[in-house]
Amino acid sequence: MVLKGRYVEDNYGTKEEVDNAYNRISQYTDLAKAVENADLVIEAVPELLPIKQDFYTKLSAVANEKTIFASNSSTMTPSQIVDFTDRPEKYLHLHFANEIWKLNIAEIMKHERTSDEVFETIIEFAKDIAMIPILLHKEQPGYVLNTLLVPFLKAAMQLAADGVADPKVVDKTWMISTGAPIGPFAFLDIIGPNTPYNLYKAWGDQGDELSAKVAAWIKSEYLDKDRMGTANGKGVYDYPNPAYQTPDFLK
């Protein structure tokens with residue numbers, strides 16, 4: 001519901017057009033009903049491997065034989081999940097950036113058993129929905145975008161978690177020094193804390209002490225304070241008028 005206003009603000013449709021599009025969306029709690037006769041299912045369940053594996057086991061049991069499965073996982077590879085599907089040749093990953101109506105890339109990652117026909121079908125699907133296909137012919141955790149972005153955000157949060165610099169100072173430094181329109185913490189607000197928290201906590205549980213520290217910082221500064229970023233208007237910044245957009249922020 002929050003995004004409806006964003007589409008209008010960014011001139012991607014009038015309020016009536018956005019409302020009409022929203023009203024065409026069907027929502028179900030019954031998985032079998034939701035995917036009945038679907039050509040494509042794009043999964044975006046939480047970024048936790050057991051949850052995804054369980055979802056695909058259940059999805060495989062009810063989906064039509066023709067249905068292509070695509071995960072929107074931010075960092076996992078197809079090989080981590082494919083064996084929990086019943087159709088490896090029709091399984092691949094299709095990852096979107098945030099605010100996809102403006103930042104319109106679709107990263108498409110196949111695995112060694114994805115059929116060429118399915119790969120080409122998803123490339124054409126991405127074009128049909130006004131995305132720019134970014135093709136990955138080899139599995140890569142994080143695709144192209146998050147391979148670059150995840151370490152960047154992690155470094156920014158380390159500065160805050162270690163008490164080196166306030167998040168807004170980190171953003172100001174990045175924006176002034178690079179000319180970027182936003183800094184890493186503004187970007188984190190857009191992403192929301194849940195996916196980064198799950199990712200860094202998983203790495204922390206595997207022994208990465210820095211990731212554990214960053215996950216603890218996200219929990220204390222975001223999750224425990226119900227600051228979910230732009231999703232509820234409260235993150236490092238308050239929305240709809242975040243401080244980094246004010247004329248004095250970069251002074």
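Our structure is the block above this text.
The notes below deal with the structure included here. (Residues numbered from 1 in each chain as written. Predicted model: local features only at pLDDT ≥ 70, side-chain atom pairs only at ≥ 80, totals over all residues. Heavy atoms only, no water.)

1. A word on helix α5 (residues 116-128)
Note the following rule: Counting from the N terminus, the helices are DSSP H or I runs at least four residues long and the strands are E runs at least two residues long. Multiplying one less than the number of residues by 1.5 Å gives the expected span of a helix. Each residue is placed in one exposure class: buried if its accessible area under a 1.4 Å probe, protein chains only, is under 20% of its type's maximum, exposed if it is over 50%, and partly exposed if it falls in between. By construction, the arc corresponds to the directions joining the helix axis to the C-beta atoms. Two residues qualify as a contact provided that any one of their heavy atoms is within 4.5 Å of a heavy atom in the partner residue.
Between its terminal C-alpha atoms α5 stretches 18 Å, which fits the 18 Å expected from 13 residues at 1.5 Å a residue. If you check which residues of α5 are buried, you get V118, F119, I122, I123 and A126. The buried residues of α5 occupy one face: seen down the axis, they fall within an arc of 140 degrees. Along α5, the residues that are exposed and aim more than 90 degrees away from the buried face are D116, E117 and D128. Summarising the contacts, the buried residues of α5 are in contact with β1 (40-43), β2 (68-71), β3 (91-96), β4 (105-109) and β5 (132-136). Positioned one or two residues after α5, A130 has a phi angle of 70 degrees, which is positive.

2. Concerning the nonpolar core
Test applied: Only buried residues count toward a nonpolar core. Its members are Ala, Val, Leu, Ile, Met, Phe, Trp, Tyr and Cys residues joined through side-chain atoms within 4.5 Å.
M157, F185, Y200, W217, I218, Y237 and Y244 are the most contacted members of the largest nonpolar core, which has 24 residues in total. If you list the elements that add at least two residues to this core, you get α6 (145-161), α7 (167-178), α8 (184-191), α9 (194-205) and α10 (209-221). A total of 6 residues in this core trace back to one element, the largest contributor, which is α6. If sequence neighbours within four positions are ignored, F185 has contacts with A156, M157, A160, P167, V170, D171, W217, Y222, V236 and Y237. Judged by nonpolar contacts, the second largest core, of 13 residues, contains A70, L92, L94 and F96.

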